[in-house]
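Here's the letter readout for the chains.
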Amino acid sequence: MQYAHARIASVFREVEARNIPVPGRDTVKIDLLDVEEEQNIIKALAKYPEMIEEAALAYEPHRITFYLQDLAGLLHNYYFKHRIITEDLARTGARLFLMKQVKTVIQSALKILGVTAPERM
């Protein structure tokens, strides 16, 4: 889980070094996230708020750990199959927007668990 966060952080270091813009919510072309792995990540991210609420209400913090393991697995699978930074700037922007959301969720969940979210490993 920490490695997934560090992996995304390394992507953003590369983005910064290349001066590649990361679109915001209002400008991202979300329809370009059309491969199955991207759709799976989006579905997992959508489940995050409900999972947190259910874990809290049931006093079952291990649900967060299981969720993070699943999300990290989806991310690693995606990372090995698809390039995030490509020649297609619109697709790259959409993928970077998605990675930003994954990074935010991982960071948030790790913080709830009292675990650090390292930028490098």
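Residues numbered from 1 in each chain as written. Predicted model: local features only at pLDDT ≥ 70, side-chain atom pairs only at ≥ 80, totals over all residues. Heavy atoms only, no water.

### As for the nonpolar core
Part 1 of the argument: Counting 34 residues, the largest nonpolar core has Ile41, Leu45, Leu71, Met99, Val102 and Ile106 as its most contacted members.
Part 2 of the argument: Of all the secondary-structure elements, those providing two or more residues to this core are α1 (2-18), α2 (36-57), α3 (62-81) and α4 (89-113).
Part 3 of the argument: The biggest single contributor to this core is α4, with ten residues.
Part 4 of the argument: The contact partners of Met99, leaving out residues within four places of it in the chain, are Ile8, Phe12, Ile41, Leu75, Tyr78 and Ile84. (Core = buried A, V, L, I, M, F, W, Y, C linked by side-chain atoms within 4.5 Å. Buried < 20%, exposed > 50% of the residue type's maximum accessible area, 1.4 Å probe, protein only. Helix = DSSP H or I, 4+ residues; strand = E, 2+ residues; numbered from the N terminus. Contact = heavy atoms within 4.5 Å.)

### A look at the pattern of salt bridges
Part 1 of the argument: One pass over the full model with this rule turns up eight salt bridges.
Part 2 of the argument: When the shortest N-O distance is used, the salt bridge between Glu14 and Arg18 registers 2.6 Å. Within this pair, Glu14 and its partner Arg18 are both found in helix α1, separated by four residues, close to a single helical turn.
Part 3 of the argument: A salt bridge links Glu38 to Arg95; its shortest N-O distance comes to 2.7 Å. Here Arg95 lies in helix α4 and Glu38 lies in helix α2, a separation of 57 residues in the sequence.
Part 4 of the argument: A single network of salt bridges, built from pairs that share partners, joins Asp34, Asp88 and Arg91. (Salt bridge = Lys/Arg side-chain N within 4 Å of Asp/Glu carboxyl O.)

### Re α1
Part 1 of the argument: For α1, built from 17 residues, the straight-helix expectation of 24 Å at 1.5 Å per residue is met to within 8% by its first-to-last C-alpha distance of 25 Å.
Part 2 of the argument: Within α1, burial applies to Ala4, His5, Ala6, Arg7, Ile8, Ala9, Val11, Phe12 and Val15.
Part 3 of the argument: Summarising the contacts, the buried residues of α1 are in contact with α3 and α4.
Part 4 of the argument: Asn19 sits one or two residues past α1 and shows a positive phi near 55 degrees. (Expected span 1.5 Å × (residues − 1).)

### Here's the deal with the confidence of the model for the chain
Part 1 of the argument: Across the chain, the average pLDDT comes to 96, with 100% of residues at or above 70.
Part 2 of the argument: Ranking the elements of the chain by mean pLDDT puts α1 last with 95 and α2 first with 98. (pLDDT = per-residue confidence, 0-100.)

### A short note on the side chain of Glu38
Part 1 of the argument: For Glu38, a relative accessible area of 0% corresponds to the buried category.
Part 2 of the argument: For Glu38, the side chain forms a polar contact with the side chain of Arg95, separated by 2.7 Å.
Part 3 of the argument: Setting aside residues up to four positions removed in sequence, Glu38 forms contacts with Leu32, Leu33, Tyr78, Arg95 and Leu98. (Polar contact = N/O pair within 3.5 Å; in protein donor to acceptor, adjacent residues only side chain to side chain.)

### A word on the packing of α3 against α4
Part 1 of the argument: The interhelical angle for the contact between α3 and α4, taken along N-to-C directions, is 155 degrees, at an axis separation of 11 Å. As summarised for this structure, α3 and α4 are arranged roughly antiparallel, according to the angle between their axes. Note on packing geometry: the crossing formed by α3 with α4 is left-handed. Here Ile64, Thr65, Tyr67, Leu68, Leu71, Leu75 and Tyr78 of α3 come into contact with α4, specifically with Arg95, Met99, Val102, Val105, Ile106, Ala109, Leu110, Ile112 and Leu113.
Part 2 of the argument: In the contact of α3 with α4, the residues fall into 14 nonpolar, one polar and one charged. (Axes fitted to C-alpha atoms, helices over the stretch in contact; angles between N-to-C directions. Parallel < 35°, antiparallel > 145°, perpendicular 65-115°, else oblique. Left-handed = near helix turned anticlockwise from the far one by under 90°. Nonpolar A, V, L, I, M, F, W, Y, C, P; charged D, E, K, R; others polar.)

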